[in-house]
Amino acid sequence: SYRATWTPTVWARPLVKILVGLSALVFVVAGWFALQIDPIFAGRGREVIITVDPGDSMSTIAAKLHARGVIASPLAFRIEDVVLGSPLVRPGQYGLRQGSSFASVRSILGQLPNVVTVPAGFTIREVVNEVRALRGGPFAGELASELTATVTASPFVSGTSLEGLIGPGQYVIAPETTPRDLARQMVRAFSAEAKSVGLTAQTTVATLRAYQIIVAASIVQKEGYYPRNMPKVARVVLNRLRRGGPLQMDATVLYALGRDGGIVTHAMEDTPSPYNTYLNSGLPPTPICTVSPTALRAVLHAPPGPWLYFTVVDARGDEAFATTFAQQLRNEQLATSRGAP
């Protein structure tokens, strides 16, 4: 019998090779794209924070994600974005894990920013307000309870508030994060900060115990404001405590009134409050804000000096220090001539 067979012609053989090559290329590209969309170890990387600025395009956001290792390919992310559509990304900060899947990234970016920033100088009230903007009233209310009823343990706690005992920094509020989780993170952050500067629950400076050191550091934080001012401000606080009598620190009066900055009037100085250091001697009952490592170090290692007064003397926020009230008055005149705030 006769069986017909097909033998590729000379021109067909290159075409077959091209088709095979194209098929292989499509397979490789598809595999590569799949790995970009959903990496093998997706979501197991280190947590990083991405800042989305007002007006950022999705291309800009993809580049930021790539730069921090959240995604491997901005191109693949943009291709998926074209296919599925762009989520509405609000300006703010987002906590994501390096090597995340595209689906995870899109889910997080499509929600409200999930990072709360606690700068040194913030009060618990201000922290709670920041969290309220991210997670709403009920979550913020529970957090306030955790931070003001000592539900969350701290080795430094004294009384019924964690004011001054939470660490400055950035905190990611994941979907599964509870108010208690967040409070514990903040307390652990302060404990780590205290350890980094050599502060323990047994530390003493002059006659100050550990908690009082933190109270003093919170005053230094607010009154010194800039790191360059804090060491000498700490010495003034310690000198006044040693001298006895009222500390006369404006920041404590403002704290009692729920204010941050501004001019303290004579009427404010006469307002009864445990935090009014014009009416009461010694330190206030609690810290008045979150403290930085610089402020803690300033109290732990205050430079020697006789200063009892200080005032801001220029627009840069530099402070001049004085030993006598007459010197203080001259510094205040200098500040006025320079237009200091």
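Note that the structure is predicted; figures quoted are calculated from it, not measured.

Novice: Whenever I open this one, the pattern of salt bridges confuses me. Can you help?
Specialist: Opposite charge on two side chains permits them to pair, given that their charged atoms come into close proximity. Per the stated rule, a full pass over the model turns up six salt bridges. Its salt-bridge partner being Lys64, residue Asp56 comes within 2.6 Å of it at the nearest N-O pair. By relative accessible area, Asp56 is classed as partly exposed at 22%. With a closest N to O distance of 2.5 Å, Arg228 and Asp318 form a salt bridge. Of the two residues, Arg228 sits in the loop between helix H8 (210–224) and helix H9 (230–243) while Asp318 sits in the loop between strand S5 (309–312) and strand S6 (319–322), which places them 90 residues apart along the sequence. In this structure Asp318 comes out as buried when scored by relative accessible area, which is 17%. One network of salt bridges, with partners in common, ties together Asp53, Asp56 and Lys64.

Novice: Is there a simple way to think about the layout of surface pockets in this case?
Specialist: Gaps left between atoms show up when a probe the size of a water molecule is rolled over them. In this model, the largest pocket occupies a volume close to 1,500 Å³. For the lining of the largest pocket, the secondary structure elements donating two or more residues are helix H5 (124–135), H8, H9, helix H10 (250–256), helix H11 (266–269), S5 and helix H13 (325–338). Of all the elements, H13 adds the most residues to the lining of the largest pocket, at five residues. Space inside the second largest pocket adds up to approximately 500 Å³. What lines the second largest pocket is a set of 27 residues, and nearest its centre among them are Asn114, Val172, Ile173, Ala174 and Pro175.

Novice: I keep staring at the pairing of S5 and nothing clicks. Help me out?
Specialist: A regular strand places its side chains on the two faces of the sheet in alternate fashion. Direction of pairing for S5 relative to S6: antiparallel, over a ladder of four bridges. Of the residues in S6, the one forming a bridge with Tyr309 is Ala322. In textbook terms, the turn of a hairpin is the stretch between consecutive antiparallel strands, and for S5 and S6 this stretch comprises six residues, one of which, Gly317, has a positive phi near 90°.

Calculation criteria
Residues numbered from 1 in each chain as written. Predicted model: local features only at pLDDT ≥ 70, side-chain atom pairs only at ≥ 80, totals over all residues. Heavy atoms only, no water. Salt bridge = Lys/Arg side-chain N within 4 Å of Asp/Glu carboxyl O. Buried < 20%, exposed > 50% of the residue type's maximum accessible area, 1.4 Å probe, protein only. Helix = DSSP H or I, 4+ residues; strand = E, 2+ residues; numbered from the N terminus. 1 Å grid on protein atoms, 1.4 Å probe; cavity = no way out; pocket = protein on both sides within 12 Å on 5 of 7 lines; lining within 4 Å. Points joined across faces, edges and corners; volume = space filled by probe spheres on them. Pairing = 2+ DSSP bridges.

So far we have only geometry, and geometry alone does not tell us how the molecule works.
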